[in-house]
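# Summary of the model geometry
The residues making up each chain are set out below.
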Amino acid sequence: MSELDSLKNRALDQLGACSDESTLRNWNSQYFGKNGEMLAALKKVSELPPESRKEYGQQANIVKEQLSASYETALKNCLEQAMLKSLETEKLDISLPGMVPPAGKLHLATQTLRDIQSTFAEMGFQVFRSREIEDDEFNFGLLNMPPHHPARDMWDTFHTTDPGLILRTHTSPGQIHVMRKFHPAPIRVILPGMCYRYEAITTRSEIMFHQVEGLVVGTNVSMTDLIGTITAFTRKMFGDSRQVRIRSSYFPFTEPSIEVDMDCIVCGGKGCPLCKKTGWLEIMGAGMVHPEVMKNGGYDPAKYSGFAFGMGPERIAMLRHAIEDIREFWGNDLRFLSQF
Ligand code: FA5
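Residues numbered from 1 in each chain as written. Predicted model: local features only at pLDDT ≥ 70, side-chain atom pairs only at ≥ 80, totals over all residues. Heavy atoms only, no water.

This part covers the pairing of strand β5 (residues 208–218). A regular strand places its side chains so that they alternate between the two faces of the sheet. β5 sits mainly inside the fold: 10 of its 11 residues count as buried. In this sheet, β5 lies alongside strand β4 (residues 187–196) in antiparallel orientation, the contact comprising 10 bridges. Pairing of I187 across the sheet is with V217, part of β5. Relative to strand β9 (residues 305–311), β5 is paired through seven bridges, and the arrangement is antiparallel. Its bridge partner being in β9, V217 is matched across the sheet by G306. (Buried < 20%, exposed > 50% of the residue type's maximum accessible area, 1.4 Å probe, protein only. Helix = DSSP H or I, 4+ residues; strand = E, 2+ residues; numbered from the N terminus. Pairing = 2+ DSSP bridges.)

If you want it as structure tokens, here you go:
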């Protein structure tokens, strides 16, 4: 019994001397751990003569309860003190304005693509996605440019290591995919996507850029429909005050063919490096779908006619926001990108 008493007194003295959480926890394992002194004292009961066991056991349990309760109280007080101290030193001013995390936004090219898409959606066009790796046949052959056709030079091409497989130089091969997939007419689709050209990078030309192709096929589709669609599109994208110029051109897959220019917003028509000193910047090529292309798409040109166009969204964005150099689009300079 006296051993129990001295164990209790010693333990309480030591507990009183504990100054922080870590010394308290050490105390706990010294007395209540697996090999702790309190456990050892309880086990001693089996070594005592039977007549003393009851009294010793009861006393040992009382000591155990007292020590355990004292420990819980000491730990609780200690944690409360620590919490109060940290609240005093780490003051939190909840009236301070929050820090706004930098928010991402859509790239200007994507914003422009979406504007173009919704403008055509209002005119009843659907979106069709066509592949970026094309074969020679779709990029050129089926568009009325057989091997060695001189017009192939209009599109400098990136070839892959697979013979005949190339990165598409324009979205026009999508015309064939759409015509072959959707029978019978009417067809009214746009095909947005990335194109690749092995050409010199300048203020107005990149080697990797978007195009949005458009294709309408039906009966009695005419040049007037094409010009009306282009005019409605440019008015919606640029407003009524901007100048649009439509001039005749040549593409092997359209007949007749046209090109569409907008007045150069950077120089106001006076002439600058962007517009090559002409005051105009080309935004799209277009025309009536060539009968050969119509046939290659599986449509009889005697019954059906259609128009197609292919425009450059980066050029359109440049002309809407007075951007002087197309290289800004892939420069990843946040000072540029965050303006839009
Ligand atoms: C074509 O690519 C034809 N496939 C367009 C077409 C479609 C004509 C359907 C007839 C019918 P072109 O090479 O001119 O044409 O390109 C069309 C538009 O893409 C250009 O007006 C320009 O806006 C954009 N573009 C062309 N090359 C580049 C380039 N290197 N960098 C940025 N934009 C370009």
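Turning next to the domain arrangement of the chain. Looking at the assigned domains, one finds that the chain contains domain 1 (2–89) and domain 2 (108–337). When each unit is reduced to the centre of its C-alpha atoms, the spacing between domain 1 and domain 2 is 84 Å. (Domains from an automatic or database assignment.)

What follows concerns helix α4 (residues 50–89). Here α4 spans 58 Å end to end across 40 residues, near enough to the 58 Å set by a 1.5 Å rise per residue. If you check which residues of α4 are buried, you get Y56, G57, A60, V63, L67, Y71, L75 and C78. Against α1 (2–17), α2 (21–32) and α3 (37–43) lie the buried residues of α4. (Expected span 1.5 Å × (residues − 1). Contact = heavy atoms within 4.5 Å.)

If you walk through the whole model with that rule in mind, you get 17 salt bridges. The shortest N-O distance in the salt bridge between D261 and R245 comes to 2.9 Å. Of this pair, D261 sits in strand β7 (residues 254–263) while R245 sits in strand β6 (residues 244–251); the two residues are 16 residues apart in sequence, bridging distant segments of the chain. Look at D261 and you get buried, because its relative accessible area is 1%. (Salt bridge = Lys/Arg side-chain N within 4 Å of Asp/Glu carboxyl O.)

Another aspect to go through is the side chain of N139. Mapped onto the secondary structure, N139 falls in helix α6 (residues 136–139). According to the relative accessible area criterion, N139 is buried, its value standing at 0%. Ignoring any residue separated from it by four or fewer positions in sequence, one finds N139 in contact with E134, M145, I166, R168, T169, H170 and P173.

On to the nonpolar core. Counting residues in hydrophobic clusters, the biggest one holds 41 residues, and the most contacted among them are F309 and M311. Elements with a minimum of two residues in this core: α5 (108–122), β5, α8 (223–238), β7, β8 (280–289), β9, α10 (313–321) and α11 (334–337). Contacts of F309, omitting those with residues within four sequence positions, involve F120, F125, I190, V212, E213, G214, L226, M284, G285 and A286. F138, M145, V189 and L215 belong to the second largest nonpolar core, which has 25 residues in total. (Core = buried A, V, L, I, M, F, W, Y, C linked by side-chain atoms within 4.5 Å.)

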